[in-house]
Amino acid sequence: MSVSPFQWLRALARRLDFHLNRDRYARELSEEMALHLELKQRDLELSGVPAGETAAAAHRQFGDTARLAESSAEVMSMGWLEQSVQDARYALRSMRAHPTFTLAAVSSLALGIGAATAVFVLVNAMLLAPLPFPNAERLVVPYRALTPGIVTAADTVPWSHARYEALRSAVPAFEEAGFATWDEVNVRTTPGGGTERIVMEFMTPSLFQALGVGPARGRGFQQQDADEAPVALVSDGFWRRALAGDSTALGREIIVNGTPVTVIGVLPASFAGFHEGAQLWIPLEALPMLIAGRGGQPPRVDRRMGVMVARVRQDVSIAAANEQVGAALARIDEESPEPFTRPGSVWSAGVLPLAEARRHPLVEPLLGIFSLVVGGVLLIVCANVAGLMLARARARRGEIGVRIALGGGRSRLVRQFLTESMLLATVGAVPGVILGQLAAVAIAKHRPDLPASFVLLRSTDLLEGVSLAPDWRIAAFAVALTLIVAMLFGAAPALAVSRQSASGLLKVADATRGSVSAPGRKLLAVVQVALAVCLLTGAAVMLRSSAALLRTDLGFEPEGLAMVRIAPSEAGLGVAARQAEWLARIAALPGVHGVATHNCLPFAGDCMLGPITGVDDRAAEEGTYPPIEHHLLSPDYLRVMGTPLLAGRTLDAAGDSSAEAPAVLVNETAARLLWPDISPIGRTVRISPDPEAPPFEVVGVVADARFDGLDQPVRPAIYRSGGDGGSVLLVRTAGDPASLIPLVRREIAAQDPGVALHDATTGVAVVRDAASSVVFVAGFLTTFAILAMVLAAIGLYGVLAYQVTQRSREFGIRMAIGASRARVMAMVMRQGAAVVLAGVLAGSAVAWWGTPFLSRFLHGIGPRDAGTYALTFFLVAAVGLVAAFIPARRATRVEPVLALRE
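Quantities reported herein were computed from a predicted structural model and do not represent experimental measurements.

## Re the state of the cysteines
Step number 1: Scanning the entire structure with this criterion turns up one disulfide.
Step number 2: Shown here is the disulfide that connects C600 with C607, its sulfur atoms set 2.2 Å apart. Taking the sign of the S-S torsion, 75° for the link of C600 and C607, the bridge is right-handed. Take C600 and C607: they sit in the same class, and that class is buried.

## Focus: helix α25 (residues 808–816)
Step number 1: Where α25 is concerned, the buried positions are S808, F811, G812 and M815. Looking straight down α25, one finds that the buried residues subtend no more than 100° of arc, so they occupy a single side.
Step number 2: Just beyond α25, the residue with positive phi is G818, at close to 120°.

## Considering unusual backbone geometry
Step number 1: Located in the positive-phi region is A244, a residue other than glycine, with phi close to 60°.
Step number 2: With a phi close to 55°, D616 is a non-glycine residue in the positive phi region.

## Some points on the confidence of the model for the chain
Step number 1: Per-residue pLDDT for the chain has a mean of 79; in total, 81% of the residues score no lower than 70.
Step number 2: The low-confidence segment residues 508–516, where pLDDT is below 50, has 19 contacts with residues more than four positions distant or belonging to other chains.

## Details of the packing of α25 against helix α26 (residues 821–850)
Step number 1: Between α25 and α26, the least distance of the axes is 10 Å, while the angle of their chain directions is 145°. Read as a crossing pair, α25 and α26 show a hand that is right-handed. Note on element contacts: α26 touches α25 through R821, V824, M827 and V828, opposite F811, R814 and M815.
Step number 2: Tallied by class, residues from the contact of α25 with α26 come to five nonpolar, no polar and two charged.

## Quick word on the packing of aromatic side chains
Step number 1: Throughout the structure, instances matching the rule amount to 15 aromatic pairs.
Step number 2: With a centroid separation of 6.2 Å and 35° between ring planes, the pair formed by Y637 and Y719 is classed as tilted. Here Y719 lies in strand β23 (residues 717–721) and Y637 lies in helix α20 (residues 637–641), a separation of 82 residues in the sequence. Neither Y637 nor Y719 differs from the other in exposure class; each is buried.
Step number 3: Here a set of aromatic residues connected by ring pairs shows up, and it is made of F133, F208, F221, F271, F274 and W281.

## Thoughts on the environment of T783
Step number 1: Relative to the assigned elements, T783 resides in helix α24 (residues 772–806).
Step number 2: With relative accessibility at 52%, the residue T783 sits in the exposed group.
Step number 3: Each C-alpha atom of the pair T783 and A539 lies 8.5 Å from the other, and the pair is 244 residues apart in sequence.

## Details of empty space enclosed by the protein
Step number 1: Enumeration according to the criterion identifies four cavities of 30 Å³ or more in this entry.
Step number 2: Roughly 60 Å³ of volume is contained in the largest cavity.
Step number 3: Listed by contribution, the elements that provide at least two residues to the lining of the largest cavity are α18 (519–550), α24 and α27 (866–892).
Step number 4: Classifying every residue of the lining of the largest cavity gives nine nonpolar, one polar and no charged.

## Quick look at the nonpolar core
Here is a general trend for soluble globular proteins: nonpolar side chains tend to be buried in one another's company.
Step number 1: In this structure, L424, F489, M542, Y637 and Y719 are the most contacted members of the largest nonpolar core, which totals 116 residues.
Step number 2: Ranked by size, the runner-up nonpolar core spans 43 residues in total, among them F238, I254, M308 and L329.

## Some words on a nonpolar patch on the surface
Step number 1: A contiguous nonpolar patch, built from L837, L841, F873 and F874 and spanning about 410 Å² of accessible area, is present on the exposed surface.
Step number 2: Listing elements by their share of the nonpolar patch, those giving two or more residues are α26 and α27.
Step number 3: Mapped onto the elements of the fold, F873 is located in helix α27.

Parameters at a glance
- Residues numbered from 1 in each chain as written.
- Predicted model: local features only at pLDDT ≥ 70, side-chain atom pairs only at ≥ 80, totals over all residues.
- Heavy atoms only, no water.
- Disulfide = S-S within 2.5 Å.
- Buried < 20%, exposed > 50% of the residue type's maximum accessible area, 1.4 Å probe, protein only.
- Helix = DSSP H or I, 4+ residues; strand = E, 2+ residues; numbered from the N terminus.
- Arc of directions from axis to C-beta.
- pLDDT = per-residue confidence, 0-100.
- Contact = heavy atoms within 4.5 Å.
- Axes fitted to C-alpha atoms, helices over the stretch in contact; angles between N-to-C directions.
- Left-handed = near helix turned anticlockwise from the far one by under 90°.
- Nonpolar A, V, L, I, M, F, W, Y, C, P; charged D, E, K, R; others polar.
- Phe/Tyr/Trp six-rings, centres within 6.5 Å; stacked < 30°, edge-to-face > 60°.
- 1 Å grid on protein atoms, 1.4 Å probe; cavity = no way out; pocket = protein on both sides within 12 Å on 5 of 7 lines; lining within 4 Å.
- Points joined across faces, edges and corners; volume = space filled by probe spheres on them.
- Core = buried A, V, L, I, M, F, W, Y, C linked by side-chain atoms within 4.5 Å.
- Patch = residues over 30% accessible without salt bridge, like charges linked within 9 Å, V, L, I, M, F, W, Y side chains within 5 Å.
- Areas by Shrake-Rupley, 256 points an atom, 1.4 Å probe, with all protein chains shown as cover.
- Salt bridge = Lys/Arg side-chain N within 4 Å of Asp/Glu carboxyl O.

Below, the structure is given as structure tokens:
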């Protein structure tokens, strides 16, 4: 007979009510049985049974009331729930009875689960959490790439606004599309106040429509805004910082490059724009009013380069949109060929999801490395706790034997051990998740500066404006991780219990000591050592790589060097107009040993690149030479930077920039590339596509200086006199360069308060930031590798200490019949050495396979460096032997007489 869902729910409700009100049910059952006994006694009296015997007779006929009460409770109760509650209560009592074991296990688990949670919080924020836009999976970034590229292996060419307009109308898959470009501007929030340099994005109103984003306060862009005075939306951070979070700031004017701009709205805190650090958004039509063009002419909007973002229609697949973009661009190129090209290059086009297009290429490798490292540490933690639980199971073998002999099923015993494991994991997970959340916030705060990447939107900081608060994904991960961890370390003792016979357990219950091989705990120790070797090898490789990176010959002296960017003033006066006066005043400051200007900052990716169009009397075809860096500098630049002059002379400020063949310096790479067998002094080079432009005469050769990246090859470069409003001010001092920066700000502000100084830093900080991703990975690996080695040493110590305790009688007998203490120590040490050797060999094999995954972060060293492997081998062996020495020494202290009495 089938049971309807309604009947099943009613039965479940009755059983739940029974568990919640057991005392009431017991009282009612007792009263009911008492009534039945009383009725039975009356029947017996009426049947002629003597009054003194009716009570006993009634009890005999009615049956055992205690057994009847138990039977009634079993009918109403849920057996599995009762047993689970009993197991949990027993596990809690056991944990309270063994606080040392509980503290060690819970602390280890909290550490492992916390580390895993921290990494997952970052993975969730950067890879899993959806973008803060409605139906974000329909947002795409159309792109086109040139392979091989002019600058990189595959250049992603930005769109011009004109091509954006053509593509927008040619792709029917797009429901809406928008365009954005960006620039740095000077901003003053109050008349006569200080000037700061910030990133401003110019965008079409349709871009906000495509994204589905609106202001959190105020209003968005409207059509009439293009015909009136410029208006702006500001970021939530700018509104709180520069406008004091004042709601009356809406409608207020700020000064952008000398032009009044009205603030009309504040964007949500989750919106970070498309370029790192963007804080202002202005309609694209206002660009000519705010950005100065060349030759005094306003820039043309249709030629402005930027990014395009589109929303794909619901009834069109992303693959179909990808095909439509490729076909549309082919038609557009026939009408208007792309000017950026080189012989032998191939164009490709399509769309990428917005989330993927804005992801820095190093984000996934970094998170992958972090996940593997944390996973290794978590496995070591599980192995350690499993070893502790195996030791406890061994100590409880008498209890387990009695329970089996009395009829306890093996499945019930296995469930008991798994319940204890789950309870330990849960208790460890609570502080672990909290610790992991705090660690994720700390890692995000101190995250490294990834090298500049201008492919698509990948200069965007994925953690900018992102909340790391827990969500359902983090909660689900914590629950799943707790279950997995409990199964991992709880499986070993559960299997050990299930394989034991009752007779065997009862026999050893009376023996307090005995010889035991503990193969399970030895295997766990081998696994821990192997994992520690893997992590230590990776950490050693990264440490040697970071050391090699920091020893790289920079071509300049970073110590004692201050660097400050100088933006043009609102009046349009660039650095060149005030350069001589500024340099003289700054050079007169106390402690200043030299001052100069330059057009780009090392490792910022903003040095100008251009083609080499001619060498001496030879014209160079396009693609013959790689792009050459253009450095514009003041006369004292080489001395201030500490860049050696290798041949020829330095530049003369007066005449070198005005001669028929202006003088330039070239670096060693350019000299080898352009004049491999002869001296470059007196030779000429052309860097302009205009054949009428004068060539440059080489008057000197300077040492190679790195500007593109610490781990990047040096580009060919020319150095010539000049400067513009985007110059970098360089100040050399024998003291602390950071202390000079406020003085430099004060001197320049006194001359022109409209000039913005920004990106103030020191030479040492620039180098540190350039190496930060490698140093960060090395530090992360080293921290967890040391932790793994300590945990592995503790695990090895635990195995050997347990064996020494179990074999103390054996050792006593051996020494009583003549074995020396040194021989007993050697016996224990050999066991420890065997475990260490097995772990080192297994770990080295895995590391040999896995370390190539670190290749993207290595510099000056291979992933399979023999010296690194040898160093790791001896380090782990030394730590392992020290961990084995302590229990081995304890074994030699066993007194033979006392051991024989046991």
